[in-house]
Each structure stands twice: as structure tokens, then as C-alpha cells.
Amino acid sequence: MSNVAVIGGGAAGLFAAYAAAANGNKVTVFEKNEKCGKKIYITGKGRCNITHDCSADEFLSNVVNNSKFLTGAIYGFPPEATMRFFEDGGLRLKTERGARVFPASDKASDVTKCIENYCKNAGVLFKFNEKVDNIAVLNGTVSDIITSKGRYSFDNVIVCTGGISYPATGSTGDGYAFAKSVGHNIVPLKQGLCGLNVKGDFYKALRGLTLKNVNLTVYKGEKVIDSFFGEMLFTHFGISGPIVLSCSSIINRLDLKDIRLSIDLKPALTNDQLDKRLLRDFDEYKNKNIDNCLKELLPSALISEVLTRSGIAFDKKVNSITKSERQSLLTIIKNFDILVSSLRGFDEAIITSGGVDVKEVNPKTMESKLVKGLYFCGEVLDIDAFTGGFNLQIAFSTGYAAGKSIKE
């Protein structure tokens, strides 16, 4: 039996603790908060999107950084295993639009309780309100951990301290400091899955407007980096919403001065189809002002900005619109460009991108290649994915891989 310390009682920590205890080890979880799973409680707006009901291959295609490193862990504990784990633990699940899996109760707290019950039944000990300050290493092997309340000897230490997003939940970057102190490289930290501050002030008049079924294309110079279809919204700072959050994780490691976002407001229509639609509407509303003519095609709040960008006066009569003006209007509707000034802060970012360099971690066991008996799991690692339950699954799978690899 090995004596195992798990630092952090979040998604990765609880899974690591259970897996290690189920493997016959003595496991103690150190959690600096008064309870486990503080970040789990706020995920999915308090409902907790546990995982994504998909194959391992499809899952890995939604990982933004270091999917290759994650391959073994995801195949070792895929989404279907996660769903079975919770259902066997008495938590009923439901799969919603987009294959997103939630607890049937819509309560994130039920998710935490379920994993805690597994841990307690396996004999895991919990030490709450006890912050780990340092990890001691002797001759290249973990020896002790030093906390706010004392010093303890352990054979293995699993670091599951999360990132630095939502710091109010206790994610304050402790794990990066531990890793750095024993020689690990930390890939620069960036906000992931966050809103975007944009250039100009046009968005102020659009605040609160939601666009559905639009296509967002990311350009670096003239090269297409990625494209996202779905929903977005304009806010008091710029833009947010599902496709914008995904976009943020693609551009957060790039020079934003080189980035241009282009919104196709009517992706279901080709340029030719849209032109015919405009001609039909122009004929029907030929004696009206152009701003009235567009109300069936575009959200009312957006018409003013589209016309401004097209160079067409709002009160210009439809029957006097020139062919070049119509083409300009079509171009703006299909290419509503937005320039990004910056990412929103870590206090709003759903996840932290960057972290412990995975080149220095064993992908099968999550053990450090530099220090024997030291493991890293979950968000503290330089791994991140899109929204949809992927990041929680990463925490579960890496935690499970670490815990089950520790034997007597």
C-alpha cells in the first residue's frame, strides 16, 4: 500500500483520489476550501455539463492543445466510462442538444456528492481548510508536503490544483508554483473559453443582441485558421456566446493584431441566393427607405451598422439603390468583420490555457518525468478543449489515469 496525497478536491482530484484508493492505496485529499468541488458547482451555470456523449476519436478532435498527449487517458477512461461511473453511483443523467451530458436533477452539487461518495466508500480521507504550501523532494523523489498545519510524509503526490480562472473558487495557480519549484517548465498561461473585447464602439448599440445560426471565421492575415457555426451575442465589452468562446481558445496564443473575425450573417444562403433575395425584397419595398426594407432579413438592431459599413444612407429609397451599393450590402452581410483588442480576464475565463509542459509528464500515468512519485492532472496541465463537457472529461480521465497507475 502506498501513501498518496492528492492536492485539490476538484474534478481531477476527486477522480484521482478514488482511483488510487480503489487500487488499494491510503489516500488523503488536501483541500484549501471548506468543501470539495467549488468550481464544479459553477460549471454549466450551476447545472454541470459532465461530459460529451461521443467516441474517443471525436472527443480528441475537440481538444485544442495537446490532444496527442491525452490520447491514452481518453481511451483509458472515455466519456462512456464517465457516464457509466455516475449512473452506477446513483446519479441519473440526461443528454441534451449537441450531445452534452448533464445530471437529470440539473444540480452540479449532485455531481460532486456522487464522486465524494465513491471516495468515502473507498476509504479516502479529507483534510479541509488546509492549504499545501510546498512539496519536498529528496534525491529526485517526492518525500513530504508542507501545509498550513504541518508536514506530512507521502510516497506519491498528485497535484490537481486547477488553473487560475475563477480565482474565487480557490484556483490561484498553486500547482504551477509547485511544478516550477521542482524544475518543470510552465507554458505561458492564457485565458481560455472567454469573451472578447473588440475594437471600435459599434458593439455598444448592439448590446444584448443574440445572433443564432451564424458562421464565425477566424483569419490570421488572409489565412483561415478555423470556423465556428452557432450562436453569439454582443455585450457591454464586445462579443461572447458559444462560438466566440470556442474562438477565444484558438486565438489566445496568437498575436491579436494579426487576427480578423468575419461573421457570415446568412450562412444558409450563397452569395447568388442572397443577391436574389435582396432583389426580391428591393422590388417589394421599392418605395420604402432601405432601413425598412431589411427588417425581414436582419435583426433590427443590426441594420444601422450594416448600412453604415455598406456606405448606404439609412433613408435612401430602395428604388435608388445602385448595383454597386447592393453588392456592398451583400458583402457586409456575408462578411461582417470584427477586430479583437484583447481577451477578457481570468476572472471570466472558463478555463486556463497553458500550464505544466506535457513534454515533461508521462502521458500514460501523468507522472512527472523529473520527479518520481509526483503527478499532475486536470487543468494544471497544458491541455484544454472547447465547451461541451470536454474539459471536465479531461479532468476525470487524467485523474483516473494517475490514480490507477499508483500501485503498492
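Note: the structure precedes this text.
Residues numbered from 1 in each chain as written. Predicted model: local features only at pLDDT ≥ 70, side-chain atom pairs only at ≥ 80, totals over all residues. Heavy atoms only, no water.

Trainee: Which parts of the structure should I look at to understand the packing of helix 10 (residues 300–310) against helix 11 (residues 323–334)?
Mentor: The axes of two packed helices give the description: the angle between them and the distance between them. Where helix 10 meets helix 11, the closest approach of the two axes is 9 Å, and the angle between their N-to-C directions is 125 degrees. In terms of their interaxial angle, helix 10 and helix 11 are classed as oblique. Crossing of helix 10 over helix 11 shows right-handed handedness. Together, V306, L307, R309 and S310 of helix 10 and S328, L329, I332 and I333 of helix 11 make up the contact between the two elements. Along the lines of polarity and charge, the residues of the contact of helix 10 with helix 11 split into five nonpolar, two polar and one charged. (Axes fitted to C-alpha atoms, helices over the stretch in contact; angles between N-to-C directions. Helix = DSSP H or I, 4+ residues; strand = E, 2+ residues; numbered from the N terminus. Parallel < 35°, antiparallel > 145°, perpendicular 65-115°, else oblique. Left-handed = near helix turned anticlockwise from the far one by under 90°. Contact = heavy atoms within 4.5 Å. Nonpolar A, V, L, I, M, F, W, Y, C, P; charged D, E, K, R; others polar.)

Trainee: Would you take a moment to explain the pairing of strand 19 (residues 351–356) for this structure?
Mentor: Walk down a regular strand and you will see the side chains alternate between the two sheet faces. The element strand 19 is largely enclosed, with a buried count of six among its six residues. Across five bridges, the pairing between strand 12 (residues 186–192) and strand 19 is antiparallel. Bridging across to strand 19, I186 finds its partner in V356. (Buried < 20%, exposed > 50% of the residue type's maximum accessible area, 1.4 Å probe, protein only. Pairing = 2+ DSSP bridges.)

Trainee: Can you help me understand unusual backbone geometry in this one?
Mentor: In most cases, non-glycine residues show a negative phi, while peptide bonds are predominantly trans. With a phi angle near 70 degrees, C48 is a residue other than glycine that sits in the positive phi range. Inspection of the secondary structure assignment puts C48 in the loop between strand 2 (26–31) and strand 3 (51–52). Using a relative accessible area of 0% as the deciding quantity, one classes C48 as buried. Phi at D106 is positive, roughly 60 degrees, even though this residue is not glycine. Of note, D106 is situated in the loop between strand 6 (100–103) and helix 5 (108–121). Residue classification places D106 among the partly exposed residues on the basis of a relative accessible area of 30%.

Trainee: Before we go on, may I ask you to explain the packing of aromatic side chains in this structure?
Mentor: Applying the stated criterion across every chain yields a total of 19 aromatic pairs. Here F126 and F128 contribute two aromatic rings whose centre-to-centre distance is 5.7 Å and whose plane-to-plane angle is 5 degrees, an arrangement assigned as stacked. Residue classification places F128 among the partly exposed positions, given a relative accessible area of 29%. Ring centres of F202 and F234 lie 6.4 Å apart, and the angle between their planes is 80 degrees; on these two criteria the pair is classed as edge-to-face. Of this pair, F202 sits in the loop between strand 13 (196–198) and strand 14 (210–220) while F234 sits in strand 15 (residues 223–234); the two residues are 32 residues apart in sequence, bridging distant segments of the chain. Across this residue pair, the class does not change: F202 and F234 are buried. Each residue in the set F15, Y18, F77, F85, F86, Y118, F396 and Y400 is aromatic and connected to the rest through ring pairs, giving one cluster. Between the NZ or CZ atom of R344 and the centre of the ring of F237, over which it lies, the distance is 3.9 Å. (Phe/Tyr/Trp six-rings, centres within 6.5 Å; stacked < 30°, edge-to-face > 60°. Lys NZ or Arg CZ within 6 Å of the ring centre and 35° of its normal.)

Trainee: Looking at this model, I keep getting lost on the packing of helix 4 (residues 79–88) against helix 5. Mind explaining?
Mentor: At a minimum axis distance of 10 Å, the contact between helix 4 and helix 5 shows a crossing angle of 80 degrees. One element, helix 4, and the other, helix 5, form an angle in the roughly perpendicular class. Taking contact as the criterion, the partners of F85, F86 and D88 in helix 4 are, on helix 5, V111, C114, I115 and Y118. A per-class count over the contact of helix 4 with helix 5 returns six nonpolar, no polar and one charged.

Trainee: Could you clarify how one ought to interpret the pattern of salt bridges in this entry?
Mentor: Close approach of charged atoms allows side chains of opposite charge to pair. For the coordinates displayed, the defined rule picks out 22 salt bridges. Residue E379 is joined to K39 by a salt bridge in which the shortest nitrogen-to-oxygen separation is 3.0 Å. Of this pair, E379 sits in the loop between strand 20 (374–376) and strand 21 (384–385) while K39 sits in the loop between strand 2 and strand 3; the two residues are 340 residues apart in sequence, bridging distant segments of the chain. The pair E379 / K39 is uniform in exposure class, with both members buried. (Salt bridge = Lys/Arg side-chain N within 4 Å of Asp/Glu carboxyl O.)

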